[in-house]
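Observations on the model geometry
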Amino acid sequence: MQRGYIRPVSIDQHPISQKSYIIPTPSIDSVAERVSKIIRLRTPGAIIFGYPRFGKTYSIRYVISCLKIDHPNAVFISFGCEAKKSPSEDAFFSNLLEAAGHKGKLIGNVTKKRSRLIDRLCELVESSGHNWVVFFADEAQRLDVIEYEWLRDVHDKLERKGIRMMTILVGQPQLLHQKSALRQSNHTQIVLRFMITEMRFDGLLSAEDLATCLAGYDEACFPESSEWTYTRFFFPLAYENGMRLVDQAGALWTAFSRAHEAARFNFDMEIPMQYFAHTVENALSENWKRDKSDFAFSSAIWDLAVRESFYVEAQEELHLGLPEGDLAARKNR
């Protein structure tokens, strides 16, 4: 490689290789706008739902990073809802204490943990200069009614102290079924606090959506203070000659379409973020040694990258596991 193109770090150290990067998508941007509005209106709770591997967990990280630009000192707490045989109040409050950055998550009984959590949240909110806190509950379809009641206790205690708590439930479409069940069983106190509004988290639905994501690789830099965009890092010679991933949006959409049609799927194509990202990562990591000034991504490269992302296998598994109503809804999109 020419002297002017010596990479600042090795290929293995790059975020693409380590799967530790974040790029925007149209759906993530919509979620960020929606959550910003929730904060402005002080809406107590909302549901964001989507199918597995559509990038919901990834979106939480990105949305929080966006929100911190407008609210740099605000308190955002993200916690995962764990699968369990039966709810444990002790484990529930330990989990929230850890998410809030408290070192004493394993110390004391449930009463002390609950009190410690409230004190910690009050401390964080007071330091923020705001009178509100936002919770993101990932995989929220795993929450049981009693856990919502414990979360409601936190909400009510904070409100009595003048702190508005807003909760974003992020999870699979079962969340909507849970909302209906809670209504039917007269748990309106839960619905009104945590499930006021709903938003569907979409996959990538068009070549334009792919272009938005691919532009992120052309613009994001690593190291951050350098001029080494992700695209340039893997293909510095081709990049110097004008090659950009955003220009591959149509070709990549066509490659996914070929795989979709070859699998004889009878539903509209909607690409989960995880399999789009795997496809791009495959194309970059498997072809960077071929870099030269006139390098170009061929249809064969994209077809192989899509195949090795296991997009088709994932779609087959997803639809085998979908309830009949969800499957019909996706076919009718």
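Summarised in this report is the structure supplied together with it. Quick caveat, the model's predicted, so the values are computed rather than measured.

1. As for the sheet that holds strand β3 (residues 132-138)
A sheet is described by the order of its strands in space; here five strands give the open sequence β2-β3-β4-β1-β5, paired in parallel fashion. Every other strand in the sheet has two partners, leaving β2 (75-80) and β5 (197-200) as the edge strands with one partner each. Here the strands of the sheet are splayed against their neighbours by 20° on average, with no regard to which way each runs. As paired strands, strand β1 (residues 45-49) and β5 are joined by four bridges and run parallel to one another. Looking at β5, one finds that Ile47 is bridged to Glu198. With respect to the sheet, helix α2 (residues 26-41) is in contact with β1, β2, β3, β4 (164-171) and β5, its orientation differing from that of β5 by roughly 165°.

2. What about unusual backbone geometry?
Residues Phe222 and Pro223 are joined by a peptide bond in cis, for which omega reads -5°. Unusually for a residue other than glycine, Glu139 sits at a positive phi of about 60°. Residue placement: Glu139 occurs in the loop between β3 and α6 (145-160). Its identity as a non-glycine residue notwithstanding, Asn186 has a phi of 65°, on the positive side. Summarising the element assignment, Asn186 is placed in the loop between α7 (174-184) and α8 (188-194).

3. Brief notes about helix α13 (residues 273-285)
Taking 1.5 Å per residue as the helical rise, α13 with its 13 residues ought to reach 18 Å, and the 18 Å between its terminal C-alpha atoms agrees with that figure. Taken together, the buried positions of α13 are occupied by Met273, Tyr275, Phe276, Ala277, Thr279, Val280, Glu281, Asn282, Ala283 and Leu284.

4. Observations regarding the packing of aromatic side chains
In this description, a pair of aromatic rings is defined by centroid distance and the angle of the planes. Tallied over the full model, the rule gives 16 aromatic pairs. Ring centres of Tyr21 and Tyr230 lie 5.9 Å apart, and the angle between their planes is 85°; on these two criteria the pair is classed as edge-to-face. With Tyr21 in the loop between α1 (15-18) and α2 and Tyr230 in helix α10 (residues 230-234), the pair connects residues that are 209 residues apart, well separated along the chain. There is no split in this pair, since Tyr21 and Tyr230 are both buried. With a centroid separation of 5.2 Å and 85° between ring planes, the pair formed by Phe256 and Tyr311 is classed as edge-to-face. Taken together, the residues span a long stretch of sequence, with Phe256 in helix α12 (residues 249-262) and Tyr311 in helix α15 (residues 311-321) at a distance of 55 residues. With a relative accessible area of 0%, Tyr311 lands in the buried category. One aromatic cluster in this structure is built from Phe235, Phe295, Phe297 and Trp302.

5. Section: the packing of helix α9 (residues 207-219) against α12
Put simply, α9 and α12 touch, their axes get as near as 8 Å, and they point 125° apart. The angle between α9 and α12 falls in the class oblique. Judged by the twist between their axes, the crossing of α9 over α12 is right-handed. Within the contact between the two elements, α9 uses Ala207, Leu210, Ala211 and Leu214 and α12 uses Ala249, Gly250, Leu252 and Trp253. A class-by-class count of the residues in the contact of α9 with α12 yields seven nonpolar, one polar and no charged.

6. Here we look at the pattern of salt bridges
Summed over all chains, the structure comprises 15 salt bridges. Across the pair Glu281 and Lys19 runs a salt bridge, and its minimum N-O distance is 3.9 Å. Placement of the pair is Glu281 in helix α13 and Lys19 in the loop between α1 and α2, with a sequence separation of 262 residues. Given a relative accessible area of 5%, Glu281 falls into the buried group. Note that Glu149 is salt-bridged to Arg152, the shortest N-O span being 2.8 Å. Here Arg152 and Glu149 lie together in helix α6, a separation of three residues that amounts to about one turn. What makes Glu149 buried here is its relative accessible area of 16%. A single salt-bridge network, built from bridges that share partners, covers Glu149, Arg152, Asp156 and Arg193.

7. Details of α7
One turn of the α-helix equals 3.6 residues, which is why residues spaced by three or four share an orientation. Restricting attention to buried positions, one finds in α7 the residues Leu175, Gln178, Lys179 and Leu182. One face of α7 carries all of its buried residues, which in axial projection span an arc of 105°. Of the surrounding elements, those touching the buried residues of α7 are β1, α6, β4, α8 and β5. Just beyond α7, the residue with positive phi is Asn186, at close to 65°.

8. Overview of the environment of Leu97
Residue placement: Leu97 occurs in helix α4 (residues 89-99). Taking the C-alpha atoms as reference points, Leu97 and Ile77, separated by 20 residues in sequence, lie 10.0 Å from one another. When sequence neighbours within four positions are dropped, the list of residues in contact with Leu97 reads His102, Gly104, Lys105, Lys113, Arg116 and Leu117.

Conventions adopted
Residues numbered from 1 in each chain as written. Predicted model: local features only at pLDDT ≥ 70, side-chain atom pairs only at ≥ 80, totals over all residues. Heavy atoms only, no water. Pairing = 2+ DSSP bridges. Helix = DSSP H or I, 4+ residues; strand = E, 2+ residues; numbered from the N terminus. Axes fitted to C-alpha atoms, helices over the stretch in contact; angles between N-to-C directions. Contact = heavy atoms within 4.5 Å. Expected span 1.5 Å × (residues − 1). Buried < 20%, exposed > 50% of the residue type's maximum accessible area, 1.4 Å probe, protein only. Phe/Tyr/Trp six-rings, centres within 6.5 Å; stacked < 30°, edge-to-face > 60°. Parallel < 35°, antiparallel > 145°, perpendicular 65-115°, else oblique. Left-handed = near helix turned anticlockwise from the far one by under 90°. Nonpolar A, V, L, I, M, F, W, Y, C, P; charged D, E, K, R; others polar. Salt bridge = Lys/Arg side-chain N within 4 Å of Asp/Glu carboxyl O. Arc of directions from axis to C-beta.

Limitation: the analysis is restricted to geometry and does not speak to function.
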